[in-house]
Amino acid sequence: MKAKIIDGKNIAEKIRQDLKSKTSKLKEKPGLAVVLVGDNPASQVYVNMKEKKCKEIGFYSKKIILPEDTEEEKLLGIIDELNQDSKIHGMLVQLPLPKHISESLIIDAILPYKDADGFHPINMGNMLIGKNIILPATPKGVIKLIESTGIKLEGKHAVIVGRSNIVGKPVSILLQQKNCTVTMCHSRSKPLEKYTKEADILVVAIGKPRAITKDMVKKGAVVIDVGTNKVYDKLVGDVEEEAREVAGYITPVPGGVGPMTIACLLENTLECMELQKRTRL
Ligand code: GUN
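Predicted model, so just to flag it, every value in this text is computed and none were measured. (Residues numbered from 1 in each chain as written. Predicted model: local features only at pLDDT ≥ 70, side-chain atom pairs only at ≥ 80, totals over all residues. Heavy atoms only, no water.)

A word on the overall build of the protein chain
Argument step 1. The secondary structure content of the protein chain amounts to nine helices and 11 strands.
Argument step 2. Its C-alpha atoms give the protein chain a radius of gyration of 19 Å, near enough to 19 Å, the size a compact globule of 281 residues would have.
Argument step 3. With the principal axes as the frame, the protein chain shows a C-alpha extent of 50 × 40 × 35 Å.
Argument step 4. Going through the 281 residues of the protein chain one by one, you find that 51% of them count as buried.
Argument step 5. Within the protein chain, contacts between residues separated by at least 24 positions form 71% of all contacts whose residues are at least 6 apart in sequence.
Argument step 6. The positive charge centre, built from 43 side chains, and the negative charge centre, built from 35, are 6 Å apart in the protein chain. (Helix = DSSP H or I, 4+ residues; strand = E, 2+ residues; numbered from the N terminus. Rg over C-alpha atoms; globule rule 2.2 N^0.38 Å. Buried < 20%, exposed > 50% of the residue type's maximum accessible area, 1.4 Å probe, protein only. Contact = heavy atoms within 4.5 Å. Lys, Arg positive; Asp, Glu negative; His and termini not counted. Charge placed at Lys NZ, Arg CZ, Asp CG, Glu CD.)

Have a look at this one:
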């Protein structure tokens, strides 16, 4: 069996085209602000990509780059300004932040209805109770990729490897909403392969290159690889490429989840704007 490749690049392109067309009919451009503190090379690439894709679809984009030694207080001031800025409908602060800045304090400072990442505790809490207002971008993209296969999700066994706040935990909530039976695995799950081999849907987000080998995958499974690890200058996922010989559907790295995260972030920005208009904020 050879897995069908889930083409995230193509699905993301369709989402962006749809957003571009919607934006062209609007009187006001949706605006996204992206803040980067420091010079982490991977973060620089992501932030530049977010700005580029924003402009391509006709959004207003504001990029703010701050030095590594920026004080927490200064960053909080910038978030306040963006909270007040009527041209900005969504914003995000690229993670990770330098150690001297509290990520949770920064996320808490973003107005929940301008939180394009969907990381604010209010947005996370709403998702937990089934009120999907602004969903975190990567988990939202993961669900769209799974749904693109056309498989019925109800009653399927979904196994998630990785329990991060930005991927694993929210994906588990969203798949439960889709009536999957969900098993959460993490670094202490033993033996990991016992669980992964039972997965009809396997989502891997642990940031360990090729940690999931083909013998750990159930025949015909849908495999979503969230990992983007640099190994000798090559981008590799958390799932080894040979898993394609066993899986039914699988995402490539690059070209799977990565492009979807940005497309969903842009979608969230438009949704933030609509939310602000509807509630007259
Ligand atoms: N760092 C890695 N992924 C993300 C993301 O989705 N949003 C932000 N703000 N930072 C990240």
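Details of the pattern of salt bridges
Argument step 1. All chains considered together, the criterion is met by 14 salt bridges.
Argument step 2. Between Lys53 and Glu56 there is a salt bridge, and its shortest N-O distance comes to 3.7 Å. Here Glu56 and Lys53 lie together in helix 2 (residues 41–56), a separation of three residues that amounts to about one turn.
Argument step 3. Residue class for Lys53 comes out buried when judged on its relative accessible area of 14%.
Argument step 4. For Lys214, the salt bridge is made with Glu245, and the minimal N-O distance between the two is 2.8 Å. (Salt bridge = Lys/Arg side-chain N within 4 Å of Asp/Glu carboxyl O.)

Overview of the site of the ligand
Argument step 1. Taken together, the neighbourhood of the ligand is formed by Leu92, Val93, Gln94, Leu95, Asp117 and Phe119.
Argument step 2. With respect to the ligand, the side chain of Gln94 contributes an N or O atom lying 3.3 Å from a nitrogen atom.
Argument step 3. Asp117 is positioned with one of its side-chain polar atoms (N or O) 2.6 Å from a nitrogen atom of the ligand.
Argument step 4. With respect to the pocket detection grid, the ligand is positioned in the largest pocket.
Argument step 5. Considering only residue class, the shell around the ligand consists of four nonpolar, one polar and one charged. (Near = heavy atom within 4 Å. Polar contact = N/O pair within 3.5 Å; in protein donor to acceptor, adjacent residues only side chain to side chain. 1 Å grid on protein atoms, 1.4 Å probe; cavity = no way out; pocket = protein on both sides within 12 Å on 5 of 7 lines; lining within 4 Å. Sits in = over half its atoms within 2 Å of the grid points. Nonpolar A, V, L, I, M, F, W, Y, C, P; charged D, E, K, R; others polar.)

Re the layout of surface pockets
Take a probe with the size of a water molecule and roll it over the atoms, and the empty space left behind shows itself.
Argument step 1. By volume, the largest pocket amounts to about 1,400 Å³.
Argument step 2. Lining the largest pocket are 47 residues, with Tyr46, Gln94, Thr228, Gly258 and Thr261 positioned closest to its centre.
Argument step 3. The greatest single-element share of the lining of the largest pocket, amounting to eight residues, is contributed by helix 2.
Argument step 4. Classifying every residue of the lining of the largest pocket gives 26 nonpolar, 13 polar and eight charged.
Argument step 5. The space that makes up the second largest pocket amounts to roughly 280 Å³.
Argument step 6. In terms of lining residues, the second largest pocket is bounded by 16 residues, among which Phe119, Pro121, Met124, Asn165 and Ile166 are the most central. (Points joined across faces, edges and corners; volume = space filled by probe spheres on them.)

Side note on empty space enclosed by the protein
Argument step 1. Overall, the coordinates contain one cavity of 30 Å³ or more when judged by the stated rule.
Argument step 2. For the largest cavity, the calculated volume is near 50 Å³.
Argument step 3. Lining the largest cavity are Val93, Leu95, Ile107, Ile110, Asp115, Asp117 and Phe119.
Argument step 4. By residue class, the composition of the lining of the largest cavity is five nonpolar, no polar and two charged.

Examining the packing of helix 1 (residues 8–24) against helix 9 (residues 257–278)
Argument step 1. Where helix 1 meets helix 9, the axes come as close as 8 Å, and the angle between the chain directions of the two elements is 20 degrees. It follows that helix 1 is roughly parallel to helix 9 by the angle criterion. You can see that helix 1 and helix 9 cross each other, and the crossing is left-handed. Mapping the contact onto sequence places Gly8, Lys9, Ile11, Ala12, Ile15, Arg16, Leu19 and Lys22 in helix 1 and Pro259, Met260, Ala263, Leu266, Glu267 and Leu270 in helix 9.
Argument step 2. Its residues assigned to classes, the contact of helix 1 with helix 9 comprises nine nonpolar, one polar and four charged. (Axes fitted to C-alpha atoms, helices over the stretch in contact; angles between N-to-C directions. Parallel < 35°, antiparallel > 145°, perpendicular 65-115°, else oblique. Left-handed = near helix turned anticlockwise from the far one by under 90°.)

Focus: the pairing of strand 4 (residues 90–93)
Argument step 1. Because side chains alternate across strand 4, one face comprises the buried residues Gly90 and Leu92, and the other comprises Met91 and Val93, equally buried.
Argument step 2. In the sheet, strand 2 (residues 31–37) pairs with strand 4 via four bridges, with the strands oriented parallel. Across the sheet, the residue bridging to Val34 is Leu92, located in strand 4. (Pairing = 2+ DSSP bridges.)

Treat this as a map of the structure, not an account of what it does.
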